[in-house]
Amino acid sequence: MNQTNSRLTEVVVPHLAESLVSATIGKWLKQPGDYIEQYEVLCELFTEK
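Description of the structure in this document. (Residues numbered from 1 in each chain as written. Predicted model: local features only at pLDDT ≥ 70, side-chain atom pairs only at ≥ 80, totals over all residues. Heavy atoms only, no water.)

1. Comments concerning the overall build of the protein
Item 1. Along the backbone of the protein there are zero helices and two strands.
Item 2. When burial is assessed residue by residue, the protein has 2% of its 49 residues classed as buried.
Item 3. Long-range contacts, defined as pairs at least 24 residues apart, comprise 23% of the intrachain contacts of the protein with a sequence gap of at least 6.
Item 4. Roughly 5,200 Å² of accessible area belongs to the protein as shown, and the carbon and sulfur atoms make up 53% of that amount. (Helix = DSSP H or I, 4+ residues; strand = E, 2+ residues; numbered from the N terminus. Buried < 20%, exposed > 50% of the residue type's maximum accessible area, 1.4 Å probe, protein only. Contact = heavy atoms within 4.5 Å. Areas by Shrake-Rupley, 256 points an atom, 1.4 Å probe, with all protein chains shown as cover.)

What follows is the structure, encoded as structure tokens:
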């Protein structure tokens, strides 16, 4: 990736439940450089109960 054209964007994981305190990214659905729109799914999260 060309560093002069790269851009970082903060992604916030929504609060899902009181009992969920951590999550692990299981699978990325987008690749670096892909265009994304607001509310589009970026990855799958795995949580432990």
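2. Describing the pattern of salt bridges
Item 1. Overall, the coordinates contain one salt bridge when judged by the stated rule.
Item 2. For Lys 30, the salt bridge goes to Glu 40, with nearest N and O atoms at 2.7 Å. Of the two residues, Lys 30 is situated in the loop between strand 1 (24–28) and strand 2 (43–46) and Glu 40 in the loop between strand 1 and strand 2; the sequence distance between them amounts to ten residues. (Salt bridge = Lys/Arg side-chain N within 4 Å of Asp/Glu carboxyl O.)

3. Some details on unusual backbone geometry
Item 1. One non-glycine residue, Tyr 39, adopts positive backbone phi at about 75°.
Item 2. By the element assignment, Tyr 39 lies in the loop between strand 1 and strand 2.

4. Some words on the environment of Leu 45
Item 1. Tracing the sequence through the fold places Leu 45 in strand 2.
Item 2. Accessibility expressed as a relative area gives 35% for Leu 45, which makes it partly exposed.
Item 3. Considering only alpha carbons, one finds Leu 45 and Gly 26, 19 residues apart in sequence, at a separation of 5.4 Å.
Item 4. Aside from chain neighbours lying at most four places away, what touches Leu 45 is Val 13, Ala 23, Thr 24 and Ile 25.

Shape descriptors only; they carry no functional weight alone.
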